[in-house]
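# Structure at a glance
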Amino acid sequence: MVKKIDHIGIAVSNLEEALKFYEGVLGMNLQGTEIVEEQKVKVAFLPVGDTEIELLESTDKDGPIARFIEKKGEGIQHIAYRVDDIEKEIEEMKQKGIRMIDEVPRYGAGGAKIAFLHPKSTNGVLIELCQRD
């Protein structure tokens, strides 16, 4: 079962430029950044209440974020929902006929275990399941 919205991932072309808006205009505080080599992305973490905004900049012109921006432009790329047992949730999704991008959890930013549901099974929204220990 979903516990809460863990974070909202926003694809940006230039992380430093995006941070000028999120920090300078919205007054959000950058908690830190991380490069996730496996996903070819640099992530900036901006807490908002008990959730986060994750700004995502591609580290490779062929990375998933670069392809997303090329196809759809900058903007919301995914919504991540916190779960307690990601392996159990993946199995339940599959049993319910949900198409999974990840059938086993993988490493995500901030040390989370993550798995993505395919947007064709979720009304066009890329959904991430996220478990933090």
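Residues numbered from 1 in each chain as written. Predicted model: local features only at pLDDT ≥ 70, side-chain atom pairs only at ≥ 80, totals over all residues. Heavy atoms only, no water.

## Things to note about the UniProt feature "coiled-coil region" (unreviewed entry) in the chain
Under the UniProt annotation, the feature "coiled-coil region" (unreviewed entry) is placed at residues 76-103. Structurally, residues 76-103 is divided into 36% helix and 25% strand, and its ends, taken at the C-alpha atoms, are 23 Å apart. (UniProt positions renumbered as here; feature names shortened; annotations may be inferred. Helix = DSSP H or I, 4+ residues; strand = E, 2+ residues; numbered from the N terminus.)

## Considerations on the nonpolar core
Ranked by size, the top nonpolar core spans 11 residues in total: Ile10, Val12, Leu15, Ala18, Leu19, Tyr22, Met28, Ala44, Leu46, Ile53 and Leu55. Every element with two or more residues in this core is listed here: helix H1 (15-25), strand S3 (41-48) and strand S4 (51-58). With four residues, H1 is the single largest residue contributor to this core. Judged by nonpolar contacts, the second largest core, of 10 residues, contains Val36, Val41, Leu56 and Ala109. (Core = buried A, V, L, I, M, F, W, Y, C linked by side-chain atoms within 4.5 Å. Buried < 20%, exposed > 50% of the residue type's maximum accessible area, 1.4 Å probe, protein only.)

## Considerations on the UniProt feature "domain: VOC" (unreviewed entry) in the chain
As recorded in UniProt, the sites labelled "domain: VOC" (unreviewed entry) are residues 4-132. Between the first and last C-alpha atoms of residues 4-132 the distance is 12 Å; the span itself is 23% helix and 38% strand.

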